[in-house]
Amino acid sequence: MNIRAIATGLVICVTSLACALPAWAQAFQVGVLPNLSPRVLLTNYRPLRDHLSAALGMPVEIATAPDFRTFQARTVAGEYDLVVTAANLGRIAQQDAGLTLIAGFEPAIPALLVTLKAAPAASIEALRGKALAVSNPQSMLVLVGKNWLRQRGLSAGADYEVVWTRNEDSLAQVLTSGSAPLAMMSAGELRAIRPEIGERLSVMEEFARLPNFLLLQGRAMPADRAAVLRAALMAFPATDLGREFTTLTGVRAISPVSEKDLETIDSVTAETREQLR
């Protein structure tokens, strides 16, 4: 048998072995909601990736998607081993696809209305007849925020338009262009904006504190591996890598999700399903 035939045989054997392995025995996939740009997500979640790789004894990859709808479709299809996602999307995945809820990040997410420092909006009335900039129209923050504005006499589509942008830097750029007097974003999105852009912005109002991201087991795995995963997640915040993650993201703890938080999340799941269609 010549060298080429031997090499071809080895490739076939290795490929067949990889295909035969269960999904959990290959690189462990952590699916992270694309609420921030890929650049920021990969930077922010590197400490979690490294921690889980050591705890699970296998390669771990951070994966995301181009938008919320695609990410949710991949989540419910079981493409990720661990899912890190917005509370409303995670709750739907739990209810509709049977994903196992592990825990949630803490503390609660500050939901902000942000304006341009050089030409600040005096109040939410600045939106009337103009536009509100958002980066993720299906996010819990935006759904709650639109309800909050509606309760104060401003309805999307009637009193103002919602302008969608691709990422957190784009939100800031819409404000600086004058296209919209206000942007709706989380404290994490504001933190992730490049400093030379972020320094031009100021917070006009914090309108809510929302349940943070949920962590769910995305697909079936052996019980012992699931137990190791859960233990590793709960231990993560107290590690050196966990403290680095806190600096990058503001997440200080991983804890069971309270019934009160689930009630808050459930208040927007119906509207979330509509937005995902």
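None of the values given here were measured: they were computed from a predicted structure.

Draft legend 1. Structural view of the side chain of Gln72. Along the chain, Gln72 turns up in helix α3 (residues 68-76). Judged by its relative accessible area of 6%, Gln72 is buried. For Gln72, the residues in contact, after removing those within four places along its chain, are Leu89, Ile92, Ala93 and Leu276.

Draft legend 2. Representation of the packing of helix α4 (residues 87-97) against helix α12 (residues 269-276) within the structure. Two elements in contact, α4 and α12, have axes separated by 10 Å at closest approach and are oriented at 90°. If you check the angle between α4 and α12, you find them roughly perpendicular. On the side of α4, the interface is formed by Asn88, Leu89, Arg91, Ile92, Gln95 and Asp96, while α12 contributes Thr269, Thr272, Arg273 and Leu276. When grouped by side-chain class, the residues that make up the contact of α4 with α12 number 3 nonpolar, 4 polar and 3 charged.

Draft legend 3. Examining the environment of Gly31 more closely. Mapped onto the fold, Gly31 is located in strand β1 (residues 28-32). Classification of Gly31 by relative accessible area gives buried; the value is 0%. Through-space distance from the C-alpha of Gly31 to that of Ala111 is 23 Å; in sequence the pair is 80 residues apart. Leave out the neighbours within four places in its chain, and Gly31 touches Ala63, Phe71, Tyr80, Leu82, Val83 and Val84.

Draft legend 4. Quick look at the pairing of strand β6 (residues 131-134). Residue alternation in β6 divides its side chains into two sets, Ala131 and Ala133 and Leu132 and Val134, and both sets are buried. Of the pairings in the sheet, the one linking β6 to strand β7 (residues 161-164) comprises 4 bridges and is parallel in character. Residue pairing for β7: Leu132 is matched across the bridge by Val162. Considered for its hand, the β-α-β crossover made up of β6, helix α5 (residues 140-151) and β7 is right-handed. In the sheet, β6 pairs with strand β8 (residues 182-186) via 2 bridges, with the strands oriented parallel. Considered in β8, the bridge of Ala133 is made with Ala183.

Draft legend 5. Summary view of the packing of helix α2 (residues 38-56) against helix α9 (residues 223-235). Their axes nearest at 10 Å, the elements α2 and α9 cross at an angle of 140°. Considering the angle they form, α2 stands oblique to α9. Viewed along their axes, α2 and α9 form a crossing whose handedness is right-handed. Along the contact surface, α2 presents Leu48, His51, Leu52, Ala55 and Leu56, while α9 presents Arg225, Val228, Leu229, Ala232 and Leu233. Broken down by class, the residue content of the contact of α2 with α9 amounts to 8 nonpolar, 1 polar and 1 charged.

Draft legend 6. View of the nonpolar core. Core analysis: the largest hydrophobic core is formed by 72 residues, its most contacted members being Tyr45, Leu52 and Leu82. The greatest single-element share of this core, amounting to 7 residues, is contributed by α5. Those residues within four positions of Tyr45 in sequence are excluded, and the remaining contacts are Val32, Ile62, Val84, Phe105, Phe213 and Phe245. Ranked by size, the runner-up nonpolar core spans 15 residues in total, among them Ala131, Leu171, Ala172 and Ala180.

Draft legend 7. Inspection of the environment of Gly188 at higher detail. The topology assignment puts Gly188 in helix α7 (residues 187-192). Taking the C-alpha atoms as reference points, Gly188 and Leu143, separated by 45 residues in sequence, lie 17 Å from one another.

Draft legend 8. The arrangement of α4 in detail. Taken together, the buried positions of α4 are occupied by Ala87, Asn88, Leu89, Gly90, Arg91, Ile92 and Ala93. Residues of α4 that are buried make contact with α3, β3 (82-85), α5, β10 (214-217), α11 (259-266) and α12. Phi for Gly98, located one or two positions after α4, is positive at around 75°.

Draft legend 9. Broad picture of the packing of aromatic side chains. Taken as a whole and judged by the stated rule, the model has 5 aromatic pairs. Relative to Phe245, the ring of Tyr45 lies with its centre 5.3 Å away and its plane at 65°, an arrangement referred to as edge-to-face. With Tyr45 in helix α2 and Phe245 in helix α10 (residues 240-249), this residue pair connects regions lying 200 residues apart in the sequence. The buried category is assigned to Phe245, whose relative accessible area is 1%. Between Phe236 and Phe245, the aromatic rings sit 5.3 Å apart at their centres with planes inclined by 55°, giving tilted as the arrangement. Aromatic rings pair up to connect Tyr45, Phe105, Phe236 and Phe245 into one cluster.

What counts and what doesn't
- Residues numbered from 1 in each chain as written.
- Predicted model: local features only at pLDDT ≥ 70, side-chain atom pairs only at ≥ 80, totals over all residues.
- Heavy atoms only, no water.
- Helix = DSSP H or I, 4+ residues; strand = E, 2+ residues; numbered from the N terminus.
- Buried < 20%, exposed > 50% of the residue type's maximum accessible area, 1.4 Å probe, protein only.
- Contact = heavy atoms within 4.5 Å.
- Axes fitted to C-alpha atoms, helices over the stretch in contact; angles between N-to-C directions.
- Parallel < 35°, antiparallel > 145°, perpendicular 65-115°, else oblique.
- Nonpolar A, V, L, I, M, F, W, Y, C, P; charged D, E, K, R; others polar.
- Pairing = 2+ DSSP bridges.
- Right-handed = clockwise from strand over helix to strand, strands pointing away.
- Left-handed = near helix turned anticlockwise from the far one by under 90°.
- Core = buried A, V, L, I, M, F, W, Y, C linked by side-chain atoms within 4.5 Å.
- Phe/Tyr/Trp six-rings, centres within 6.5 Å; stacked < 30°, edge-to-face > 60°.

Interpretation in functional terms is not warranted from these geometric data alone.
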